Amino acid sequence: MKLELTPEESREMLDAVVDTLIEEVEMSDGDLATIKRWRSETMKIGSERMRELTDKMNSDLERVLRTKEKSAVRKPDWT
């Protein structure tokens, strides 16, 4: 199985995580502003940092899927 995220999908996941962080973690207004500024300025689709994040997410997904495939092959049916 092959799964590969596009930069847009990676950005959506990043937004979901950051939005949850903003909603659930108590932080100062300055810290909140810093996180929002980082997301809007540094993590734009097409930016080098967003490409790095997408590449990292895809390599981690590939590694996890390979591990699961190997585990399924070695795991006996009767357990």
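Only a predicted model underlies this, so the values are computations on that prediction, with no experimental measurement involved.

A. Molecular detail of the overall build of the protein. Helices and strands together make up the secondary structure of the protein, namely 3 helices and 0 strands. Reading the secondary structure of the protein in the N-to-C direction produces α-α-α. Counting over 79 residues, the protein shows a buried share of 20%. Within the protein, contacts between residues at least 6 apart in sequence are counted, and of these 63% link residues at least 24 apart. Summing over all exposed atoms, the protein offers an accessible surface of approximately 6,400 Å²; the carbon and sulfur share of this is 54%.

B. Local environment of the environment of Thr-42. Note that Thr-42 resides in helix α2 (residues 29–42). Residue class for Thr-42 comes out partly exposed when judged on its relative accessible area of 30%. Ignoring any residue separated from it by four or fewer positions in sequence, one finds Thr-42 in contact with Arg-37, Ser-47 and Arg-49.

C. Representation of the side chain of Ser-47 within the structure. When you line up the elements, Ser-47 lands in the loop between α2 and α3 (48–74). Separated by 2.8 Å, the side chain of Ser-47 and the backbone oxygen of Lys-44 make a polar contact. Separated by 3.2 Å, the side chain of Ser-47 and the backbone nitrogen of Met-50 make a polar contact.

D. Spatial organisation of the nonpolar core. Counting residues in hydrophobic clusters, the biggest one holds 6 residues: Leu-14, Val-18, Ile-22, Ile-35, Met-43 and Met-50. Of all the elements, helix α1 (residues 7–24) adds the most residues to this core, at 3 residues. In contact with Val-18, not counting residues within four places along its chain, are Ile-35, Trp-38 and Arg-39.

E. Layout of the pattern of salt bridges. By the definition in use, this model includes 8 salt bridges. Residue Arg-11 is joined to Asp-15 by a salt bridge in which the shortest nitrogen-to-oxygen separation is 2.9 Å. One end of the pair is Arg-11 and the other is Asp-15, both in helix α1 and 4 residues apart, which spans about a single turn. Each of the two residues, Arg-11 as well as Asp-15, counts as buried. Beyond isolated ion pairs, a larger network of salt bridges with shared partners links Arg-11, Asp-15, Asp-19 and Arg-39.

Rules of the game
- Residues numbered from 1 in each chain as written.
- Predicted model: local features only at pLDDT ≥ 70, side-chain atom pairs only at ≥ 80, totals over all residues.
- Heavy atoms only, no water.
- Helix = DSSP H or I, 4+ residues; strand = E, 2+ residues; numbered from the N terminus.
- Buried < 20%, exposed > 50% of the residue type's maximum accessible area, 1.4 Å probe, protein only.
- Contact = heavy atoms within 4.5 Å.
- Areas by Shrake-Rupley, 256 points an atom, 1.4 Å probe, with all protein chains shown as cover.
- Polar contact = N/O pair within 3.5 Å; in protein donor to acceptor, adjacent residues only side chain to side chain.
- Core = buried A, V, L, I, M, F, W, Y, C linked by side-chain atoms within 4.5 Å.
- Salt bridge = Lys/Arg side-chain N within 4 Å of Asp/Glu carboxyl O.

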